[in-house]
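Examining the three-dimensional arrangement
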Amino acid sequence: MVLLQQQNQLGKLAETNQAAGRYGLVLSEEDAKLILEEKNNALREQKRVEFGEGITPKIIYEFCDSDFIDQNNYVETIVRLQEIFYLFKNEMEDEITDDELLHLMKEQYEQICFGDLDYLEGTCLNIFSQAIRAGYQGYQRSEGRREYDRFDEVQRWDYDLYFETLKELCWG
């Protein structure tokens, strides 16, 4: 039974090559086996159980178009995203759906973290999980999109302010 489930999961990962291949990302059979092995390790570590095809194909479909993932870091990034996903499903006490968490992760990964997985895990998702545990539910309306700004504690780059300041300095 376990072998059949593993073969099914390998098949699902192979299917992601069609979508991810458009972005130059392809998993070999060895890559897929490594990803599944690391997924099982993450599930054990987080004391979680997963049924069906699992979250990994969804992670791949969500992140394959990222500007911060290329063939050189693809497997490593998917493995780390799996670990982060399971950790924060626990941290958010399963209040957030898989899709909401994936949308939130992708948006922060692209727009706030610029591909930095440590920042995604240690700052963005940590802050958001605190809000979820405190009872915040606004993410349900947006499916996890455009939510982080409500909780972001870091002042971001403001192009308009920068340009105004530059004009004042250069042209008086």
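In what follows, the accompanying structure is described.

Thresholds, definitions, all that
Residues numbered from 1 in each chain as written. Predicted model: local features only at pLDDT ≥ 70, side-chain atom pairs only at ≥ 80, totals over all residues. Heavy atoms only, no water. Helix = DSSP H or I, 4+ residues; strand = E, 2+ residues; numbered from the N terminus. Expected span 1.5 Å × (residues − 1). Buried < 20%, exposed > 50% of the residue type's maximum accessible area, 1.4 Å probe, protein only. Axes fitted to C-alpha atoms, helices over the stretch in contact; angles between N-to-C directions. Left-handed = near helix turned anticlockwise from the far one by under 90°. Contact = heavy atoms within 4.5 Å. Nonpolar A, V, L, I, M, F, W, Y, C, P; charged D, E, K, R; others polar. Arc of directions from axis to C-beta. Salt bridge = Lys/Arg side-chain N within 4 Å of Asp/Glu carboxyl O. Core = buried A, V, L, I, M, F, W, Y, C linked by side-chain atoms within 4.5 Å. Lys, Arg positive; Asp, Glu negative; His and termini not counted. Phe/Tyr/Trp six-rings, centres within 6.5 Å; stacked < 30°, edge-to-face > 60°.

**Details of helix H5 (residues 98-111)**
Residues lying three or four places apart along an α-helix face the same way, a consequence of the helix completing one turn every 3.6 residues. Taking 1.5 Å per residue as the helical rise, H5 with its 14 residues ought to reach 20 Å, and the 20 Å between its terminal C-alpha atoms agrees with that figure. With eleven of its 14 residues buried, H5 lies for the most part within the structure.

**Some words on the packing of helix H3 (residues 56-63) against H5**
Axis separation between H3 and H5 bottoms out at 10 Å; the angle between their running directions is 35°. Here H3 and H5 pass one another in a crossing that is right-handed. Residues Lys58, Ile59, Glu62 and Phe63 of H3 pack against Asp99, Leu102, His103, Met105, Lys106 and Tyr109 of H5. Split by residue class, the contact of H3 with H5 holds five nonpolar, one polar and four charged.

**Things to note about helix H2 (residues 29-45)**
With 17 residues, H2 ought to run about 24 Å at 1.5 Å a step, and its terminal C-alpha atoms sit 24 Å apart, in line with that. Looking at H2, one finds that the buried residues are Ala32, Ile35, Leu36, Lys39, Ala42 and Leu43. Buried residues in H2, looked at end-on, bunch into an arc of 120°, giving them a common side. Residues of H2 that are exposed and point more than 90 degrees away from the buried face comprise Glu30, Arg44 and Glu45.

**Some thoughts on the pattern of salt bridges**
Inspection of every chain in the model, using the stated rule, returns ten salt bridges. One salt bridge connects Glu29 with Lys33, and the closest N-O pair in it is separated by 3.4 Å. With Glu29 and Lys33 both in helix H2 and four residues apart, this pair spans about one turn of that helix. When its relative accessible area of 40% is taken as the criterion, Lys33 is described as partly exposed. Arg80 serves as the salt-bridge partner of Asp118, at 2.8 Å between the closest nitrogen and oxygen. With Asp118 in helix H6 (residues 117-133) and Arg80 in helix H4 (residues 74-91), this residue pair connects regions lying 38 residues apart in the sequence. Residue classification places Asp118 among the exposed positions, given a relative accessible area of 52%. Residue classification places Arg80 among the partly exposed positions, given a relative accessible area of 21%. Sharing partners across several salt bridges, the network here consists of Arg48, Lys89, Asp94 and Asp98.

**Side note on the nonpolar core**
Residues Met92, Leu120 and Leu125 are the most contacted members of the largest nonpolar core, which totals 43 residues. For this core, the elements supplying multiple residues, two or more each, are helix H1 (2-21), H2, H3, H4, H5 and H6. Ranked by residues supplied to this core, first place goes to H4 with nine residues. When residues no more than four places from it in sequence are discounted, the contact partners of Met92 are Leu101, Leu104, Leu125, Phe128, Ser129 and Ile132.

**With respect to the side chain of Glu110**
Tracing the sequence through the fold places Glu110 in helix H5. Although buried, Glu110 forms no salt bridge, and the nearest oppositely charged side chain, Lys106, lies 4.6 Å from it.

**Overview of the packing of aromatic side chains**
The way to describe two aromatic rings as a pair is by their centre distance and the angle between their planes. Taken as a whole and assessed by the stated rule, the structure comprises four aromatic pairs. Centroid distance Phe63 to Tyr109: 5.5 Å. Interplanar angle 75°. Geometry classified as edge-to-face. Of this pair, Phe63 sits in helix H3 while Tyr109 sits in helix H5, and the two are 46 residues apart along the sequence. Of the two residues examined, Phe63 and Tyr109, each falls in the buried class. Here Phe85 and Tyr86 contribute two aromatic rings whose centre-to-centre distance is 5.5 Å and whose plane-to-plane angle is 80°, an arrangement assigned as edge-to-face. Accessibility expressed as a relative area gives 2% for Phe85, which makes it buried. Using a relative accessible area of 2% as the deciding quantity, one classes Tyr86 as buried.

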